[in-house]
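Examination of the molecular architecture
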Amino acid sequence: MSAAIQAYTLLDDDDCESRILRAREALGERLVILGHHYQRDEVFKHADFTGDSLKLSRQAASSNADYIVFCGVHFMAEVADILSRPEQVSILPDMSAGCAMADMANLQNVERAWQELSEVLDAEEMITPVTYINSAADLKGFCGEHGGIVCTSTNARHVLEWSFKQKEKVLFFPDQHLGRNTGYAMGVPLHEMVVWDYDKPRGGLSAAQIKKAKIILWKGFCSVHQMFQPEQIDNFKRKYPETKIISHPESSFEVCQKSDYVGSTEYIINTIAEAEADTRWLVATELNLVNRLHEKFKHEGKNVHFMSPSVCMCSTMFRIDPQHMAWVLENLVDGHVVNQISVPADVAEQARLALSRMLDVSP
Ligand code: 13P
Ligand code: SF4
């Protein structure tokens, strides 16, 4: 019988750390631990590979390990399951590590949107559905089935370029900000992007608005990145005018417009790493990552600051803790798989199609 999580929740972090190290040693190459950049330090330090969503998807696809323990959120472990071989096992240490933004779109409300759009125009002929990787596997399956594709914050532009080669319009879900920021940077004017409010009949749009739109943006957002405001940039720059602003594209249009650089978590890290010494950075992304950047680069004289005055941590990423890691790893050592993420084969097949289209067009 597998050991229960309850006993592990009473352990302190140091105890968990030595258990994790021992389990890793015992599992050897049968185990790979993938860690997203938003993971807390006590977890992040155990990752064999770290990265943004695209980099970790590629890592999962190329891994030979029997067990892929994903220190990230649910959709990431699903992608690892979809892209790995059938006999490999994808594990999420805490099943409650979801993504609130991903949950803003589901198969029911996306299918309803597709149906309502089809009453206005020929959706199959005219619209490429694009789902941000921050979405459930069945939405990736929907995109696979309807000639659509997945994107990440790294490849959104390449994906939209591909999408417009297929059909004249895009339905982009669930993050309106990534869709709008990317569309605008490609030259799509704001008036050609409309917001689909999934709580309203026909998205709250008129038939004329839908016909005129180039990109239909789902009304989803990330509550972590929503905390960043353009005034925070103005206030900071009044004090330190030399500051470079760098933001994740899940931040609002106004914040991204005031930013010198916009890109994925991996891009943010690389940009600051490659910058000259004695530079100052104001960063709009999750707090664990910004704190890590601050520590890593302070010795080079680079000052890295968090954009918001309030704490903006991703509470679901934070659910992955040393206790859950020790629990899943010790169970693996004892031959028990706990918290496996397993996408049904029919969903996985269509989702894989949309993901492989993405991997083909990614830089
Ligand atoms: P990245 O792919 O840029 O790491 O972003 C993932 C995410 O969830 C950001 O909130
Ligand atoms: Fe989801 Fe936002 Fe957390 Fe990223 S930071 S995983 S988009 S809730």
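Here goes a summary of the coordinates provided. Quick caveat: nothing in here was measured; it's all calculated off a predicted structure.

Calculation notes
- Residues numbered from 1 in each chain as written.
- Chains lettered and ligands numbered in written order.
- Predicted model: local features only at pLDDT ≥ 70, side-chain atom pairs only at ≥ 80, totals over all residues.
- Heavy atoms only, no water.
- Near = heavy atom within 4 Å.
- Polar contact = N/O pair within 3.5 Å; in protein donor to acceptor, adjacent residues only side chain to side chain.
- Areas by Shrake-Rupley, 256 points an atom, 1.4 Å probe, with all protein chains shown as cover.
- 1 Å grid on protein atoms, 1.4 Å probe; cavity = no way out; pocket = protein on both sides within 12 Å on 5 of 7 lines; lining within 4 Å.
- Sits in = over half its atoms within 2 Å of the grid points.
- Salt bridge = Lys/Arg side-chain N within 4 Å of Asp/Glu carboxyl O.
- Buried < 20%, exposed > 50% of the residue type's maximum accessible area, 1.4 Å probe, protein only.
- Points joined across faces, edges and corners; volume = space filled by probe spheres on them.
- Helix = DSSP H or I, 4+ residues; strand = E, 2+ residues; numbered from the N terminus.
- Expected span 1.5 Å × (residues − 1).
- Arc of directions from axis to C-beta.
- Contact = heavy atoms within 4.5 Å.
- Pairing = 2+ DSSP bridges.
- Axes fitted to C-alpha atoms, helices over the stretch in contact; angles between N-to-C directions.
- Left-handed = near helix turned anticlockwise from the far one by under 90°.
- Nonpolar A, V, L, I, M, F, W, Y, C, P; charged D, E, K, R; others polar.
- Patch = residues over 30% accessible without salt bridge, like charges linked within 9 Å, V, L, I, M, F, W, Y side chains within 5 Å.
- Lys, Arg positive; Asp, Glu negative; His and termini not counted.
- Charge placed at Lys NZ, Arg CZ, Asp CG, Glu CD.
- Right-handed = clockwise from strand over helix to strand, strands pointing away.

1. What to know about the site of ligand 1
Around ligand 1, the structure places His36, Tyr38, Asp52, Ser53, Asn134, Ser153, His225, His248, Glu250, Ser264 and Thr265. For ligand 1, an oxygen atom lies 2.7 Å from a polar atom in the side chain of Ser153. Here ligand 1, which alone exposes 300 Å², has 96% of that area covered by the protein. Of all the cavities here, the one that holds ligand 1 is the second largest pocket.

2. Observations concerning the pattern of salt bridges
A side chain of one charge can pair with a side chain of the opposite charge when the charged atoms of the two come close. A complete count under the given rule lists 15 salt bridges for this structure. Arg40 serves as the salt-bridge partner of Glu42, at 3.4 Å between the closest nitrogen and oxygen. Among the residues examined, Arg40 registers a relative accessible area of 11% and is labelled buried. Note that Arg157 and Glu161 form a salt bridge whose closest N and O atoms lie 3.3 Å from each other.

3. Section: empty space enclosed by the protein
Under the criterion given, the structure shown has 1 cavity of 30 Å³ or more. Considered as a void within the structure, the largest cavity measures approximately 50 Å³ in volume. Looking at the largest cavity, the residues that line it are Ser53, Leu56, Ser57, Phe70, Phe75, Met76, Val79 and Ile133. Residue assignment for the lining of the largest cavity shows that the elements contributing at least two residues are α4 (53-62) and α5 (74-83).

4. Examining helix α2 (residues 13-27)
Between its terminal C-alpha atoms α2 stretches 21 Å, which fits the 21 Å expected from 15 residues at 1.5 Å a residue. The complete set of buried residues in α2 reads Cys16, Ile20, Ala23 and Leu27. Projected down its long axis, α2 shows its buried positions confined to an angular sector of 70°, all on one face. In this structure, α2 carries Asp14, Arg22 and Glu25 as exposed residues pointing more than 90 degrees from its buried face. Check the buried side of α2 and you find it contacts β1 (31-36), β3 (67-71) and α16 (322-333).

5. A word on the sheet that holds strand β10 (residues 244-247)
Spatially, the 4 strands line up as an open sheet ordered β11-β10-β12-β13, and their pairing is parallel. The open sheet terminates on both sides in strands that have one partner only, identified here as β11 (261-262) and β13 (303-306). Sheet topology note: the β10/strand β12 (residues 280-284) ladder contains 4 bridges and is parallel. For Ser247, the partnering residue across the bridge sits in β12 and is Ala284. On top of the sheet, helix α12 (residues 230-239) reaches β10, β12 and β13; it is set at about 165° to β12, its chief contact.

6. Here we look at the packing of α4 against α5
Interhelical geometry of α4 versus α5 gives an angle of 35° and a closest axis separation of 8 Å. Note that α4 runs across α5; the crossing there is right-handed. Contacts between α4 and α5 involve Ser53, Ser57, Ala60 and Ala61 from the first element and Phe75, Met76, Val79, Ala80 and Leu83 from the second. Here the contact of α4 with α5 is built from residues that sort into 7 nonpolar, 2 polar and no charged.

7. Overview of a nonpolar patch on the surface
Where nonpolar side chains cluster on the molecular surface, the patch consists of Val311, Met313 and Phe318 and spans about 250 Å² of accessible area. Structurally, Phe318 is set in the loop between β13 and α16. Taking relative accessible area as the criterion, Phe318 reaches 32% and is therefore assigned partly exposed.

8. Observations concerning a negative patch on the surface
On the surface, a cluster of negative charge is contributed by Glu111, Asp122, Glu124, Glu125 and Glu145. Among the structural elements, Glu124 can be located in helix α7 (residues 123-126).

9. Topic: the site of ligand 2
Near ligand 2 you find Tyr38, Cys99, Ala100, Met101, Asn134, Cys222, Val224, Glu250, Cys314 and Met317, and these make up its full shell. The class makeup of the residues in the shell around ligand 2 is 8 nonpolar, 1 polar and 1 charged.

10. Let's talk about the layout of surface pockets
Roughly 410 Å³ of volume is contained in the largest pocket. As for the largest pocket, its lining consists of 23 residues, of which Ser153, Thr182, Pro249, Val262 and Gly263 are closest to the centre. Among the secondary structure elements, those contributing two or more residues to the lining of the largest pocket are α4, α9 (156-166), α10 (176-185), α13 (253-257) and α14 (265-274). Here the lining of the largest pocket is composed, by residue class, of 10 nonpolar, 8 polar and 5 charged. There is about 320 Å³ of room inside the second largest pocket. Lining the second largest pocket are 26 residues, and of these Tyr38, Cys99, Asn134, Cys222 and Cys314 sit closest to its centre. Per-class residue counts for the lining of the second largest pocket are 13 nonpolar, 10 polar and 3 charged.

11. Some thoughts on the pairing of strand β8 (residues 193-196)
For a regular strand, side chains alternate in direction, first toward one face of the sheet and then toward the other. Sheet topology note: the β8/strand β9 (residues 215-218) ladder contains 4 bridges and is parallel. Within β9, the residue paired with Val194 across the bridge is Ile216. Regarding topology, helix α11 (residues 207-212) serves as the crossover connection from β8 to the parallel β9, and that connection is right-handed.

These figures capture arrangement, not role.
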